[in-house]
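# Coordinate inspection notes
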Amino acid sequence: MELSSLLNRFSEPETLKMAKLGRELRAKGVDVIDLSLGEPDFDTPQHIKDAAIKAIHDNWSHYTPVAGYLDLREAICFKFKRDNNLDYTPENIVTSTGAKQSLANTILALVDDGEEVIIPTPYWVTYSELVKIARGKVVEVRTSAANHFKITPAQLEAAITPKTKAFLFSSPCNPSGAVYSKAELEALAVVFRKHPGIFIISDEIYEYINFVGKHESIAQFSDLKDRIIIVNGLSKGFAMTGWRLGYIAANATVAKATEKLQGQFTSGTSSITQKAAVVALTTDLRPSMEMVEEFTRRRARTLELVKEIPGLTCFEPEGAFYIFPDVSSYYGKSDGTTTIQHAADFSMYLLNTAHVSSVMGDAFGEPNCVRFSFANSMGNIEKAWARIKEALAKLK
Ligand code: PMP
């Protein structure tokens, strides 16, 4: 059977592959603790659920405008003003079935054959694959734990060529947890000012899950705002991963372009989700902040547990809900049966021996690290890290 060549240009997300392997083991009766997936384990706050139920009763059951209902796009503009002091109007906003689709729309709208997209490592798995789907060229810039996994202005400058079309990053970052400060963004802005043709795609989906202070968006530098595309959504901050609501804020031309693409792919996202999203975005953020308080406790406990394990060095995440330790000191070690050669072996060893799922760093462009989520209950976190400690102690 001949399928399209497009399929050979990109891979399936490693995060989903690991979750699938974990599920398969669980189906065989093994008690697997899932630290591989990136989603809050909380329920969606009640007032948002109530708004969705009301939307069903009120018969919001028809096709929606491709960019989203006007009241939702106004609610998103309200959110940008309230949280980020950014001024947008509904013509700048396009909603979608998730930040993932918003990223896909944006990359397909901007990137042509052979154009380069600079992505600092480690990055979210999907970024590089979307660029490949668009026939663009991924230019990885390796950051290090020593520099808190953040790209420096000098690294950015050195990566820019006449073919550079866009720079794509997340802050807070999945998987490293790095959060760019205002000063760090300003230093990158200085470089971007010298290169007016480059778009900046700023994925801010973990905005609320920040352990070091106020979220800063690069779009605050108003002279750059016209070429910045902010990607955000409700999945992480409101525990609404399954509801599928993402959005971008961009100049009206880019916004229209993504709307055109989406009009042929999915049309507008769910009417019910959109009505619930208006409520989520315009009412009290207390329930979201309570989730963040719980993530703060889990982060602290995870870091304590990781520190008890010899050979794991860990950058303390400033945001999001992952830790991304360097595991390379285990390379070459064996339990007598399995020898760990790389992060994939390490991850598989933990799945098979400790029954804990994680994701190898290669998937994020950082082959020495492995990502573990702390979006799981405190009980599971305790149990998982005790098992990991025991399994790693067998490697000599
Ligand atoms: N960006 C990042 C950095 C993510 O981690 C994720 C989800 N794992 C997304 C985007 C996609 O989010 P959504 O559920 O809104 O599609």
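What you see is a predicted model; the values in this text were computed from it and never measured.

Definitions and limits used
- Residues numbered from 1 in each chain as written.
- Predicted model: local features only at pLDDT ≥ 70, side-chain atom pairs only at ≥ 80, totals over all residues.
- Near = placed C-beta within 6 Å.
- Nonpolar A, V, L, I, M, F, W, Y, C, P; charged D, E, K, R; others polar.
- Core = buried A, V, L, I, M, F, W, Y, C linked by C-beta atoms within 7 Å.
- Buried ≥ 20, exposed ≤ 12 C-beta atoms within 10 Å, placed from the backbone.
- Helix = DSSP H or I, 4+ residues; strand = E, 2+ residues; numbered from the N terminus.
- Domains from an automatic or database assignment.
- Contact = placed C-beta atoms within 7 Å.
- Pairing = 2+ DSSP bridges.
- Axes fitted to C-alpha atoms, helices over the stretch in contact; angles between N-to-C directions.

Bringing the site of the ligand into the picture now. Taken together, 13 residues lie around the ligand, and Gly98, Ala99, Lys100, Gly233 and Ser235 are the ones closest in. Split into classes, the residues belonging to the shell around the ligand amount to three nonpolar, eight polar and two charged.

Moving on: the nonpolar core. Ile93, Ile107, Ile229 and Ile248 are the most contacted members of the largest nonpolar core, which totals 112 residues. In terms of residues, this core owes the most to one element, helix H4 (residues 99–110), which gives seven residues. Counting contributing residues, this core receives three or more from each of domain 1 (5–43 + 287–393) and domain 2 (51–284). Sequence-distant contacts of Ile93, that is, excluding residues within four places in its chain, are made with Ala67, Arg73, Ile76, Cys77, Tyr88, Tyr247, Ala249 and Ala255.

With respect to topology, seven strands assemble into an open sheet ordered E2-E8-E7-E6-E5-E3-E4, the strand pairing being mixed. Of all strands in the sheet, those with a lone pairing partner are strand E2 (93–96) and strand E4 (137–142), marking the two edges. Strand-to-strand, the axes of this sheet are offset by a mean angle of 20°, without reference to chain direction. Here E2 pairs with strand E8 (residues 246–249) via four bridges, running antiparallel. Residue Thr95 lies in a different strand from E8, and its bridge partner there is Tyr247. Packed onto the sheet, helix H3 (residues 70–84) meets E2 and E8 and runs at close to 110° relative to E2.

Turning to the domain arrangement of the chain, a few remarks are in order. Split into domains, the chain comes out as domain 1 (5–43 + 287–393) and domain 2 (51–284). Taken over C-alpha atoms, the centre of domain 1 sits 26 Å from the centre of domain 2. Elements represented by at least two residues in the side of domain 1 that touches domain 2 include exactly helix H1 (14–27) and helix H10 (286–307). Per element, the largest residue contribution to the side of domain 1 that touches domain 2 is six residues, and it comes from H10.

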